[in-house]
Amino acid sequence: MKHASRLEGTHLVGAPARPSAARARRRTVRWTVIAVASLFVAVVIGLFAGAVRISPVGIVGWMFGGGSLTEQQKAIVAELRLPRVVLAGLVGAALSVSGCAYQAAFRNPLADPYLLGSAAGAGLGATIVIVLGAADVPLALPAAAFLGALGGVGLAYLMASTRAAGRTSTSLLLGGVAVASFLTALQTYVQQRNTDDLRAVYAFILGRLGTSGWHEVWLALPWVALACGVLLASRRLLEVLSLGDLEAASLGAHVARDRAIVVIAASLATAAAVAVAGLIGFVGLIVPHAVRMATGASNRLVVGLSILFGAAFLILCDVLARTVVAPGELPIGVITALIGAPFFALVLRRSGGAR
Amino acid sequence: MHRFGSVRGLPLLVSLFAAFAVACASSSTSSVAGGSTPTTAAAYPMTIDGANGKVTLDAMPTRIVSMSPTATEMLFAIGAGDQVVAADSYSDYPSEAPTTKLSAYEPNAEAIANYQPDLVIYATDPGDLQSSLDKLKIPALSEPAAATMDDVYAQMEQLGMATGHADEAKTQADALKAKIEGVVDDVGDAGKGMTYYYELDDTYYSVTSDTFIGAVLGELGLKNIADQAKGASSGYPQLSAEYIVQADPDLILLADTKCCAQDAEKVAKRPGWSDLSAVKNGGVVELDDDVASRWGPRIADLLQQVGDSVQAQAGAHAGAQAGG
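Conventions and cut-offs
Residues numbered from 1 in each chain as written. Chains lettered and ligands numbered in written order. Predicted model: local features only at pLDDT ≥ 70, side-chain atom pairs only at ≥ 80, totals over all residues. Heavy atoms only, no water. Helix = DSSP H or I, 4+ residues; strand = E, 2+ residues; numbered from the N terminus. Buried < 20%, exposed > 50% of the residue type's maximum accessible area, 1.4 Å probe, protein only. Areas by Shrake-Rupley, 256 points an atom, 1.4 Å probe, with all protein chains shown as cover. Core = buried A, V, L, I, M, F, W, Y, C linked by side-chain atoms within 4.5 Å. Contact = heavy atoms within 4.5 Å. Polar contact = N/O pair within 3.5 Å; in protein donor to acceptor, adjacent residues only side chain to side chain. 1 Å grid on protein atoms, 1.4 Å probe; cavity = no way out; pocket = protein on both sides within 12 Å on 5 of 7 lines; lining within 4 Å. Points joined across faces, edges and corners; volume = space filled by probe spheres on them. Nonpolar A, V, L, I, M, F, W, Y, C, P; charged D, E, K, R; others polar. Buried area = accessible area lost by both parts, 1.4 Å probe. Salt bridge = Lys/Arg side-chain N within 4 Å of Asp/Glu carboxyl O. Domains from an automatic or database assignment. Pairing = 2+ DSSP bridges. Axes fitted to C-alpha atoms, helices over the stretch in contact; angles between N-to-C directions.

### Brief notes about the overall build of chain B
Of regular secondary structure, chain B possesses twelve helices and ten strands. Taking all 324 residues of chain B together, the buried fraction comes to 48%. On chain B, roughly 14600 Å² of surface is accessible, and the fraction owed to carbon and sulfur atoms is 54%.

Written out as structure tokens, the structure is:
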């Protein structure tokens, strides 16, 4: 992090007019408090709302060791609702932080975990494991999803780097789109050759938050925590990368190495999310943008806020998914896309107008 | 543009070739007599009132291609199995069915025509199967998913008529009906007030009583917990795990033992499910996905399996009440 110190006091293009250090600190504190509070509120709503009506007083009482919940209600809260809230938070945080990282590392506002082929790769890996009948082997699914995600982004990287133009963000994104289509086609091919597994594959891809328990939480937690930790620690690095390769190099960054660290960490988070929850769209795209637009902050702050707001956002989306048509469920991807697509259009309009 | 033009012309060329192949084939088929012995001297040419409109058969079909696993089961059940030359990739029952690689999901008229059929039976037409077969002058009969048992009997009899096995089909349909009524009678009032959860896959997709399988199970007097979610979807809602646990159904019917490798042991290990009555009292019933998703004659065996469990559960109830 030697180069980081050189950045102190450097005016950063893209960030809003530099506020005084004190004001920046106040803003950081204010937004951090808001984000933590939002996450807390989301968790509380997530715990209180559900297909089954359970008195909030009873839930609070149970959390403090007493209360009037029946055994069945305790089982519902402790084994179904709570792990689902925690998992939704983890997945939301993972997708948001990786979206944030991809956008900065590739300097492209439209980059998200899915555009670059990591999710398609994770889907392919998971499909192969299911088709081979190895889905029950411990860790086989998340491992395959992780390798697939990394392979997807790696391929996109290779494609872009062989272009004479070099690893510009545009060629990377194009590479990512091509790789994503290719891997999705491969995944569809493998799936169609094994139509007996069609339902299991679809069930995996369309998301599994509804069937999750603590097992999935423990599966995802270490990877998501590791990735979030790495990206939080590299938040200055992200800011440098988002300036562009030449500028970053002139500021002392090892562009290729730094970008690799960020991409690996983001892919790790994506893979963990896909492995336990299937493909959930738009979260990685809209949360970092919403944070940037709302706070006007640079990537240094956006990384951390994306984690918190991403967790809160997906917890609330999941609340809608399991209450709107209760006792039925809506696929969570429908909720995130219904909110995400119009937002995407808004971001496009705004970023277009800025040029 | 020139290149695009030639690509666009390709399907036309292909269908021309296919038509040519069929024309050649049909001249040779007349010499190939089917090995079956029809039970009735049916009057051909005949016109059948299919779900896809009037279907005219010039002679007794001896080269049937079945694009529906259910139709395949029915054809063999009514004694028309010898007349089936090819069945789609899912037609895995009975074992003597001529299963091929033909896909019922993405039916390919050309691949079907390759078997020189004089009748094609299908359950779903996802695209232009019917119109393609029309162009190839291959008679096709649609036997879509049944909504009730009466549809099942009617389909069996229609297939019997079309294939020259009308009497046998009637006998088989009546036998099936008697079998179903037998199960319902055996169960009697045991199923009254009993609830069940029917599982389509391990993400808790279920069926309401508006579906065929839901209606059939309803014959036993069971209450379906998914009916609460009727407003959510057209018969196949995804249920919330919380709701299933709260509803605590007497029976858990697993129609995902093949697709998703579920069994009673795995259900017991699901978070929050270990204390469910069905799990504790042996009320988790492992069904055959294939039988459960079709509307063929084996549906009676499935109903028997569920009926037995209903009686066992009723016995356990009575025992528990007497003992406690």
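And the narrative resumes.
### Remarks on the environment of Leu186 of chain A
All names here are of chain A. Here Leu186 is to be found in helix α7 (residues 169–193). Residue classification places Leu186 among the partly exposed residues on the basis of a relative accessible area of 32%. A C-alpha to C-alpha distance of 47 Å links Leu186 and Pro56, two positions 130 residues apart in sequence.

### Thoughts on the nonpolar core
When a protein is soluble and globular, its nonpolar side chains tend to lie buried together. In terms of nonpolar packing, the biggest core is built from 73 residues, with Val91, Tyr102, Phe106, Val262 and Ile280 of chain A touching the most fellow members. Sequence-distant contacts of Ile280 of chain A, defined by excluding residues within four places in its chain, comprise Val91, Leu95, Tyr114, Leu209, Leu314, Ile332 and Thr336 of chain A. Ile48, Val55, Ala97 and Leu119 of chain B belong to the second-largest nonpolar core, a separate cluster that totals 54 residues.

### Notes on the environment of Asp288 of chain B
Residue and element names in this part refer to chain B. Relative to the elements of secondary structure, Asp288 occurs in the loop between β10 (284–286) and α11 (289–293). Residues Asp288 and Leu254, 34 residues apart in the sequence, show an inter-C-alpha distance of 8.2 Å. Look past the residues within four positions of Asp288 in its chain and what remains in contact with it is Thr257, Lys258 and Arg298. Within the structure, Asp288 has its side chain in polar contact with the side chain of Lys258 (distance 3.3 Å).

### Observations concerning empty space enclosed by the protein
Taken as a whole and judged by the stated rule, the model has one cavity of 30 Å³ or more. Of the pockets and cavities examined, the largest cavity occupies roughly 60 Å³. What lines the largest cavity is Leu80, Arg81, Arg84, Gly210, Ser212, Arg322 and Glu329 of chain A together with Ser240, Ala241 and Glu242 of chain B. Every element with two or more residues in the lining of the largest cavity is listed here: α4 (71–105) of chain A together with α8 (241–247) of chain B. Sort the elements by how many residues they give to the lining of the largest cavity and α4 of chain A lands first, with three residues.

### Thoughts on the layout of surface pockets
Size it by volume and the second largest pocket reaches roughly 1200 Å³. Taken together, 35 residues form the lining of the second largest pocket, with Ala135, Asp136, Arg208 and Glu216 of chain A together with Asp202 of chain B sitting closest to its centre. Within the residue set of the lining of the second largest pocket, elements represented by two or more residues are α6 (140–161), α8 (198–205), α9 (214–233) and α12 (255–277) of chain A together with α9 (264–269) of chain B. When residues in the lining of the second largest pocket are grouped by element, the largest group, four residues, is from α9 of chain A. Here the residues of the lining of the second largest pocket are counted per class, giving 20 nonpolar, six polar and nine charged.

### Some details on the interface of chain A and chain B
With 28 residues of chain A at the interface, the matching set in chain B holds 27 residues. Interface area for chain A against chain B, summed over the two sides, is near 2400 Å², with a carbon-plus-sulfur share of 55%. Counting the surface chain A buries against chain B, the share from its top three residues, Leu80, Arg199 and Pro327 of chain A, is 26%. For the pair chain A and chain B, the interface holds two salt bridges.

### Quick word on the domain arrangement of chain B
Interface size is often expressed as the accessible area that is lost when the parts come together. Residue and element names in this part refer to chain B. What the domain assignment lists for chain B is domain 1 (31–179) and domain 2 (188–323). In this assembly, 21 residues from domain 1 lie in contact with twelve residues from domain 2. Between domain 1 and domain 2 the total buried area reaches about 1400 Å² when both faces are included, carbon and sulfur atoms providing 63% of it. Looking at the side of domain 1 facing domain 2, the largest losses of area belong to Thr70, Glu73 and Met149, adding up to 33% of the total buried there. Remark: the boundary between domain 1 and domain 2 carries four salt bridges. Linking Arg294 and Glu73 is a salt bridge whose minimum nitrogen-to-oxygen distance equals 2.7 Å. Listed by contribution, the elements that provide at least two residues to the side of domain 1 that touches domain 2 are α2 (69–77), α5 (149–163) and α6 (166–187). Broken down by class, the residue content of the side of domain 1 that touches domain 2 amounts to 14 nonpolar, three polar and four charged.

### Comments concerning the sheet that holds strand β6 (residues 140–142) of chain B
Residues and elements named next belong to chain B. The strand order β4-β3-β5-β6 describes an open sheet built from four strands, whose pairing is parallel. Of all strands in the sheet, those with a lone pairing partner are β4 (84–87) and β6, marking the two edges. The mean inter-strand angle of the sheet, taken between neighbouring strand axes irrespective of direction, is 20°. Across three bridges, the pairing between strand β5 (residues 119–122) and β6 is parallel. Among the inter-strand pairings, Val120 is bridged to a residue of β6, identified as Ala140. Most of the contacts of α2 go to strand β3 (residues 64–66), to which it runs at about 135°, and overall it touches β3, β4 and β5.

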